Amino acid sequence: MAGMNAQQSPSIPPLSSAASSSPHYQMWWDCGACGATGLLGHAHRHCPQCGAAQDPQQRYFPPAGAEVEVKAHRYVGVDWRCRFCESPNAASADFCGNCGGPKEDATQVPLVEDKPATPTTPPQAARRTGWGTYALVVVALLGLVMAYFAMRTHPEQAVIADKNWTREVEIERLTAVSQTRWCDALPADAYQISRVRVQRSTRSTPDGQECHDVRVDAGDGTFTKRKECTPRYREEPIYDDQCRYRVNRWQVQRSDQLQGLTHQPPAWPQPSLAPGLMGGGGLGAERLGQRHETYRVVLKATQTNKTWTCQVSPRVWSQLRLEQRVALQVRGTGGADCTSLLAADL
Ligand SMILES: [Zn+2]
Ligand SMILES: [Zn+2]
């Protein structure tokens, strides 16, 4: 069984074979002892200037364009870090090249992460909530309290000082109207139609891919490059027919109004209507449209000189008599709560 397992060789990570096929480049490191910079991670295990051992924590990727390829590189794995002198050693070595310390129980050197090219958004943008939110909450609460006192009502004695009504009727005229719509939604009675080709929407279509190199720290003073690609899209306009046309539609042309006082029974205005072209019903013909009616009572306080005007329903209006005393609910703002008239003992 053990022999079979060894033949299948499951312990060899696929990384080593893949990494050895692609080119390796020198990581860089800076010497902390003498300040020398841009030293080669694989070639310079010791500082060429002062002889200090390499600190694997000082490794970094070289600036773009300054990469130095390691020719005929044999990758044996991530370096181990000496427990005694901290210097990095090849995975194949059993003893530290700097101090002679043994490999056993040694940990691997830390790997450098390649930073993405896109700059990260500044953190200030994320936290804008703070005092602004508290101030908003306080203002909202104050507003609620003020609204409560403004809306709270108290009763006041009043008499009906005046009554009046308004009745209004709209007059519509059949008119030729110009409209624009997509031709697939053309009204059935459209005429004088003209078509224009116009962009209606956009469609994103795949357009190749965006690729960039990601540098991968191999851990032995070298790094490799991996291509990372994301699909790219192109916005394409979609055109359609747009129609300009005319249709005959009833349009509110004017309104007639009739106003009356207490003793006049409500009545609707009787406007004269144009018959329209071609003996009636054609363009220019008029008809009655929507009707609106409003009924108002003017109330006068019995104790003070205050007056209020309330809009009420036709039923309430006809039941209220001039000089009738009513109890009116008045708000903190001084305005009348006209709905209290409905609840009055009528
Ligand atoms: Zn040095
Ligand atoms: Zn050592």
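Per-chain numbering applies: the sequence of each chain, read as written, is numbered from 1 onward. Chains and ligands are labelled by the order in which they are written, letters from A for the one and numbers from 1 for the other. It should be noted that, the model being predicted, local features are given only for residues of pLDDT at least 70 and side-chain atom pairs only at 80 or more, the latter also being counted only at that level, while totals for whole chains, interfaces and linings use all residues. Side-chain numbers come from the whole structure's heavy atoms, not from hydrogens or water.

K.L.:
Explain the coordination of the zinc ion (ligand 1) residue by residue, including any values.
P.N.:
With distances of 2.2 to 2.4 Å, the protein atoms coordinating the zinc ion (ligand 1) are Cys31 (SG), Cys34 (SG), Cys47 (SG) and Cys50 (SG). Given four donor atoms and angles of 105 to 113° at the metal, the environment of the zinc ion (ligand 1) is assigned as tetrahedral. Sequence positions of the donors to the zinc ion (ligand 1) reduce to the motif C-x2-C-x12-C-x2-C. Taken together, the residues Cys31 in the loop between β2 (28-29) and β3 (39-40) and Cys47 in the loop between β3 and β4 (59-60) connect sequence positions 16 residues apart. According to the relative accessible area criterion, Cys47 is buried, its value standing at 4%. Metal donors were taken as nitrogen, oxygen and sulfur atoms no farther than 2.8 Å from the ion, or 3.2 Å where the ion is Na, K or Ca. Water is excluded, so coordination may look unfinished. Tetrahedral means four donors with every angle between 85 and 135 degrees, whereas square planar (four donors) and octahedral (six donors) require angles over 155 degrees between opposite donors and between 65 and 115 for all others; sites fitting neither are termed irregular. Helix numbers and strand numbers start at the N terminus; a helix is a DSSP run of H or I with at least 4 residues, a strand a run of E with at least 2. Each residue gets one of three labels from its accessible area relative to the maximum for its type: buried under 20%, exposed over 50%, partly exposed in between, using a 1.4 Å probe on protein chains only.

K.L.:
Any chance you could break down the sheet that holds β2 for me, citing the residues and the numbers?
P.N.:
Strand pairing is assigned whenever DSSP detects at least two bridges linking the two strands. Taken together, the three strands give an open sheet; going across it, the order is β3-β2-β4, and neighbouring strands pair in antiparallel fashion. Looking at which strands have only one partner, the edges of the open sheet turn out to be β3 and β4. Two strands pair when backbone bridges link them, and β2 and β3 are joined in this way by two bridges, in the antiparallel orientation. Note that in β3 the partner of Trp28 across the bridge is Leu40.

K.L.:
Can you explain the state of the cysteines? Please cite residues and give values.
P.N.:
The definition used for a disulfide is geometric: two cysteine sulfur atoms within 2.5 Å. Tallied over the full model, the rule gives three disulfides. Disulfide pairing is shown between Cys183 and Cys243; the S-S distance is 2.0 Å. One quick way to see it: the torsion about the S-S bond of Cys183 and Cys243 is about 110°, and its sign makes the bridge right-handed. In this pair, Cys183 sits in the loop between β9 (153-182) and β10 (191-217) while Cys243 sits in strand β11 (residues 222-261), placing the two residues 60 residues apart along the sequence. One exposure class covers both Cys183 and Cys243, and it is buried.

K.L.:
Residues and numbers for the packing of aromatic side chains, please.
P.N.:
When we look at a pair of aromatic rings, we describe it by the centre distance and by the angle of the planes. Ring geometry is summarised as follows: Phe, Tyr and Trp rings, the Trp one being its six-membered ring, pair when their centres sit within 6.5 Å, and such pairs are stacked at plane angles under 30 degrees, edge-to-face over 60 and tilted between the two. Under the criterion given, the structure shown has six aromatic pairs. By way of ring pairs, the aromatic residues Tyr25, Phe61 and Phe223 are connected into one cluster. Looking at Lys163, its charged tip hangs above the ring of Trp317, at a distance of 4.4 Å from the centre. Its guanidinium or amino end placed over the ring of Trp268, Arg291 lies 4.7 Å from that ring's centre, counting from NZ or CZ. Charge over a ring is defined by NZ of Lys or CZ of Arg lying within 6 Å of the ring centre and within 35 degrees of the ring normal.

K.L.:
How would you summarise the side chain of Arg81 if you had to cite specific residues and measurements?
P.N.:
Topologically, Arg81 is positioned in strand β6 (residues 80-81). A relative accessible area of 18% means that Arg81 is categorised as buried.

K.L.:
Explain the environment of Gln54 to me, using residue names and the numbers behind them.
P.N.:
By the element assignment, Gln54 lies in the loop between β3 and β4. Considering only alpha carbons, one finds Gln54 and Asp30, 24 residues apart in sequence, at a separation of 8.3 Å. Whether two residues touch is decided by their heavy atoms; if any such pair falls within 4.5 Å, the residues are in contact. Once residues within four sequence positions are removed from consideration, Gln54 is found in contact with Trp29, Leu40, Gly41, His44, Arg45, His46, Arg59, Glu86, Ser87 and Pro88. Among the polar contacts listed, one links the side chain of Gln54 to the backbone oxygen of Gly41, at a separation of 3.0 Å. N or O atoms within 3.5 Å of each other form a polar contact, as long as, within protein, one can give a hydrogen and the other can take it, and as long as residues adjacent in sequence are counted only when both atoms are side-chain atoms. At a separation of 2.9 Å, a polar atom in the side chain of Gln54 contacts the main-chain carbonyl oxygen of His44.

K.L.:
I'd like a rundown of the side chain of Thr222, residues and numbers included.
P.N.:
By secondary structure assignment, the location of Thr222 is in strand β11. For Thr222, a relative accessible area of 0% translates into the label buried. Contact partners of Thr222, with chain neighbours within four places excluded, come to His24, Tyr25, Met27, His42, Val70, His73, Val216 and Asp217.

K.L.:
So what's going on with the environment of Trp317? Which residues, and what values?
P.N.:
Locating Trp317 in the fold gives a position in helix α4 (residues 314-319). Given a relative accessible area of 5%, Trp317 falls into the buried group. Apart from residues lying up to four places away in sequence, Trp317 is in contact with Lys163, Asn164, Trp165, Leu261, Thr262, Gln264, Pro266, Tyr295, Arg296, Val297 and Val312.

K.L.:
Just give me the short version of the nonpolar core, but keep the residues and values in it.
P.N.:
Throughout, nonpolar core names a set of buried Ala, Val, Leu, Ile, Met, Phe, Trp, Tyr and Cys residues whose side chains join them through atoms within 4.5 Å. Grouped together as the largest cluster of nonpolar side chains are 18 residues, with contacts concentrated most on Val297, Leu299, Trp308, Val312 and Leu341. Broken down by element, the residue count for this core peaks at four residues, all from strand β12 (residues 286-301). Residues within four places of Leu299 in sequence aside, it is in contact with Ala158, Val159, Ile160, Ala161, Lys306, Thr307, Trp308, Cys310, Val326, Leu328 and Leu341.

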